[in-house]
Amino acid sequence: MRIAHLSPGTGDFYCGTCLRDRTLVRALRGRGHEVEIVPLYLPAYGEDGTPSDDGPIHLGAINLYLAQKLSACRYLPRAVTGRLDSPALLRWVARRFPATDPALLGEMTVAMLEGEEGRLAPAIEALAASLAAGPPFNVVLLSNALLAGVARRIAERTGAAVACTLQGENAFLDALPEPHRGLAWRTLAARARQVALFLAVSRHHAARMADRLGLPEARVAVVPNGIDVEDFSARAAGEAPSPPALGFLARLCAEKGLPLLVDAFLLLRERGRVPDLRLRAAGVLRAEDRVIVAALRRRLAAAGLAAATEFLPDVDPAAKRAFLASLSVLSVPASAEESFGLYLLEAMAAGVPVVQPRHAAFPEILAATGGGILCDPGDPRALAEAIEALLLDPPRARELGERGGRAVRERFTAQRMAREVEERLTEVVAARGRVDA
């Protein structure tokens, strides 16, 4: 198949969605498919901290902002819009403005979902025309449902089936300010009818989004995420970090539960049943999150634990592997309703057991892997007790880490994910052919 993968960029950092999408693209290419990444909004960044070279940016963030604000900017000549789509300029803007902050993106989100019926119609028409200009695609795959507004025009112009991954949309949409939150959900529900198939990354997220968008069961398939397991080495039998270390691997922000984990760590050190326990937190550090991290550092220093904690921002792949190898337990007690959590697969692939709150997709992932335990969400004492239970029982912690690692290598690989996506896309292409005939 020839597939166009529409992939929003972040401009100056990498994210879990970016990692998942690029892993899928590589694995589909490995299965013989011709997959073209179509970058949207901002340049993408690799996990190694370097910009990805995916070709021209479509729906560039600066041009979209101007078109959404000023009608005169909706028909600017290509000589002007091309300059505003410069990757260097877009990266500069992304570093200086919170380009992914839902509180600032209500109008833009609604305008994108309105598609050809909204203020961004000329930009969406240009995207559809670009996709139609080259060799025909069998499928255009949208990275997430926030792109559903482009589905109708792309299907009409290209003749391709339009499919869409479901991953993380609900947390973003629910964080929009009103009245944009309600309008965005209503507009997305209407636009979802124009997508041939949705591919949800977990059963939990499939059920949540199907309910909120009124999608029939046949329009939503579940394809759990996978990772390149060869990038992670399982811990040798009997090997355990010394001193013990509690880890966090996600964006260093409140939504991912970093303050809650610090609360639990302080409780554990106060109880003193796990001597010399350390806290190691790694992940992307955005400019808007620095205030939170600075406040947490001050709390830890006031408790005399500055030397027992490390914050490791923006680790590259090699540093991430070394980081995981140093952990006794990993926990990312996210308060947001996570649709998956790649960090869990990565930790388990490295032989590290996990402790997660009993909500969102976490119970589903731990039931499928057996690689950790659950606790009550939002409760630092419950989190501390669950972490302590594993730290005080090394044989059980080792068993969970090994079990999780086996499960990830057997059932959560990039190759399995790509095979299942391929099967679903083949079905939707065949169905579209029967309808067209």
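This structure is a prediction, so every number in the text was calculated from the model and none was measured.

## Regarding the overall build of the protein chain
Then, number 1: Within the protein chain, the secondary structure is distributed over 18 helices and 12 strands.
Then, number 2: With the principal axes as the frame, the protein chain shows a C-alpha extent of 65 × 45 × 35 Å.
Then, number 3: Only carbon and sulfur atoms are counted for the fraction: they give 54% of the accessible area of the protein chain, which is about 17,900 Å².
Then, number 4: Positive and negative side-chain charges in the protein chain, numbering 53 and 51 respectively, have mean positions lying 2 Å apart.

## Some points on the nonpolar core
Then, number 1: Counting residues in each nonpolar core, the largest one holds 71 residues, and the members touching the most others are Leu258, Leu324, Leu330 and Val355.
Then, number 2: Once residues lying within four places of it in the same chain are set aside, the contact partners of Leu258 are Phe248, Leu252, Cys253, Ala281, Val293, Leu296 and Phe311.

## Some remarks on the packing of aromatic side chains
Then, number 1: Tallied over the entire structure, the rule returns 0 aromatic pairs.
Then, number 2: A cation sits over an aromatic face here: Arg212 above Trp185, 3.9 Å from the ring centre.

## Re unusual backbone geometry
Then, number 1: Across the junction of Glu178 and Pro179, the peptide omega takes the value 10°, indicating a cis bond.
Then, number 2: In this model, Ser242 is joined to Pro243 through a cis peptide bond whose omega is 0°.
Then, number 3: The phi dihedral of Tyr41 falls on the positive side, at around 70°, and the residue is not glycine.
Then, number 4: Relative to the elements of secondary structure, Tyr41 occurs in the loop between strand 2 (34-40) and helix 2 (61-69).

## Observations regarding helix 17 (residues 394-411)
Then, number 1: Between its first and last C-alpha, helix 17 extends 25 Å over 18 residues, near the 26 Å set by a 1.5 Å rise per residue.
Then, number 2: Among all positions of helix 17, only Ala397, Leu400, Gly401, Gly404, Gly405, Ala407 and Val408 are buried. The buried residues of helix 17 all sit within an arc of 165° when viewed along its axis, so they share a single face.
Then, number 3: Those residues of helix 17 that are buried are in contact with helix 14 (342-349), helix 15 (362-369), strand 12 (372-375) and helix 16 (380-391).

## Focus: the sheet that holds strand 3 (residues 139-142)
Backbone-to-backbone hydrogen bonds join strands into a sheet, with any given pair of strands oriented parallel or antiparallel.
Then, number 1: On the basis of which strands lie adjacent, the open sheet formed by 6 strands has the order 2-1-3-4-5-6 and parallel pairing. Each of the sheet's edge strands pairs with one partner strand only, and the pair in question is strand 2 and strand 6 (220-222). Along the sheet, successive strands turn relative to each other by an average axial angle of 25°, direction set aside.
Then, number 2: Judged from the 7 bridges that link them, strand 1 (residues 2-8) and strand 2 form a sheet pairing that is parallel. By the bridge assignment for strand 2, Leu6 is matched with Val38.
Then, number 3: Helix 10 (residues 203-213) rests against strand 4 (161-166), strand 5 (197-200) and strand 6 of the sheet, and its axis sits at about 165° to strand 6.

## Details of the side chain of Asp21
Then, number 1: As for its position among the elements, Asp21 is in helix 1 (residues 16-30).
Then, number 2: Residue Asp21 is classed as buried on the basis of its relative accessible area of 4%.
Then, number 3: When sequence neighbours within four positions are dropped, the list of residues in contact with Asp21 reads His5, Ser143 and Gln167.

## Concerning the packing of helix 11 (residues 258-271) against helix 12 (residues 290-302)
Then, number 1: Where helix 11 contacts helix 12, the axes come no closer than 11 Å and their chain directions differ by 5°. With respect to helix 12, the axis of helix 11 lies roughly parallel. Counting all contacts with helix 11, which are made through Leu258, Pro259, Val262, Asp263, Phe265 and Leu266, the residues of helix 12 involved are Ile292, Val293, Leu296, Arg299 and Leu300.
Then, number 2: Each residue belonging to the contact of helix 11 with helix 12 can be placed in one class, and the counts come to 9 nonpolar, no polar and 2 charged.

## Considerations on the pairing of strand 1
Then, number 1: In terms of residue burial, strand 1 counts as a mostly covered element, since 6 of its 7 residues are buried.
Then, number 2: Since strand 1 and strand 2 lie parallel, the crossover through helix 1 that links them has a hand, and here it is right-handed.
Then, number 3: Sheet analysis places strand 1 next to strand 3, joined by 4 bridges and oriented parallel. Counted as the bridge partner of Ala4 is Val140 from strand 3.

## Remarks on the pattern of salt bridges
Then, number 1: Tallied over the entire structure, the rule returns 34 salt bridges.
Then, number 2: Note that Asp289 and Arg251 form a salt bridge whose closest N and O atoms lie 2.7 Å from each other. Taken together, the positions of Asp289 in the loop between strand 8 (278-283) and helix 12 and Arg251 in the loop between strand 7 (245-249) and helix 11 put the pair 38 residues apart, joining distant regions of the chain.
Then, number 3: Arg424 is the salt-bridge partner of Glu423, the closest N and O atoms lying 3.8 Å from each other.
Then, number 4: Relative accessible area serves as the criterion here: at 33%, Glu423 is assigned to the partly exposed category.
Then, number 5: If you follow the salt bridges from partner to partner, you end up with Glu116, Glu117, Arg152 and Arg191 in one network.

## What about the environment of Val38?
Then, number 1: Here Val38 shows up in strand 2.
Then, number 2: On the accessibility criterion, Val38 (2% relative accessible area) is buried.
Then, number 3: As for Val38 and Ala414, which are separated by 376 residues in sequence, their C-alpha atoms are 20 Å apart.
Then, number 4: Apart from residues lying up to four places away in sequence, Val38 is in contact with Ala4, His5, Leu6, Ser7, His58, Leu127 and Leu131.

## A short note on helix 16
Given 3.6 residues to a turn, an α-helix orients residues that are three or four positions apart in the same direction.
Then, number 1: For helix 16, spanning 12 residues, the distance from its first C-alpha to its last is 16 Å, which sits close to the expected 16 Å at 1.5 Å a residue.
Then, number 2: Here helix 16 has its buried residues at Ala382, Leu383, Ala384, Ala386, Ile387, Glu388, Leu390 and Leu391.
Then, number 3: Of the surrounding secondary structure, the elements contacted by the buried residues of helix 16 are strand 7, helix 11, strand 10 (329-330), strand 11 (354-357), strand 12 and helix 17.
Then, number 4: Capping the start of helix 16, Asp379 holds a side-chain oxygen 3.0 Å from the backbone nitrogen of Arg381, two or three residues further along.

## Here we look at the pairing of strand 11
Then, number 1: Along strand 11, one buried face is formed by Val354 and Gln356 and the opposite face, lined by Val355 and Pro357, is buried too.
Then, number 2: Summarising the sheet, strand 11 and strand 12 pair through 4 bridges and their orientation is parallel. Among the inter-strand pairings, Val355 is bridged to a residue of strand 12, identified as Ile373.
Then, number 3: For the crossover that starts at strand 11, traverses helix 15 and ends in the parallel strand 12, the hand is right-handed.

How each quantity is defined
Residues numbered from 1 in each chain as written. Predicted model: local features only at pLDDT ≥ 70, side-chain atom pairs only at ≥ 80, totals over all residues. Heavy atoms only, no water. Helix = DSSP H or I, 4+ residues; strand = E, 2+ residues; numbered from the N terminus. Areas by Shrake-Rupley, 256 points an atom, 1.4 Å probe, with all protein chains shown as cover. Lys, Arg positive; Asp, Glu negative; His and termini not counted. Charge placed at Lys NZ, Arg CZ, Asp CG, Glu CD. Core = buried A, V, L, I, M, F, W, Y, C linked by side-chain atoms within 4.5 Å. Buried < 20%, exposed > 50% of the residue type's maximum accessible area, 1.4 Å probe, protein only. Contact = heavy atoms within 4.5 Å. Phe/Tyr/Trp six-rings, centres within 6.5 Å; stacked < 30°, edge-to-face > 60°. Lys NZ or Arg CZ within 6 Å of the ring centre and 35° of its normal. Expected span 1.5 Å × (residues − 1). Arc of directions from axis to C-beta. Pairing = 2+ DSSP bridges. Axes fitted to C-alpha atoms, helices over the stretch in contact; angles between N-to-C directions. Parallel < 35°, antiparallel > 145°, perpendicular 65-115°, else oblique. Nonpolar A, V, L, I, M, F, W, Y, C, P; charged D, E, K, R; others polar. Right-handed = clockwise from strand over helix to strand, strands pointing away. Salt bridge = Lys/Arg side-chain N within 4 Å of Asp/Glu carboxyl O. Polar contact = N/O pair within 3.5 Å; in protein donor to acceptor, adjacent residues only side chain to side chain.

From the geometry alone we can't say anything about function, so treat these as descriptive.
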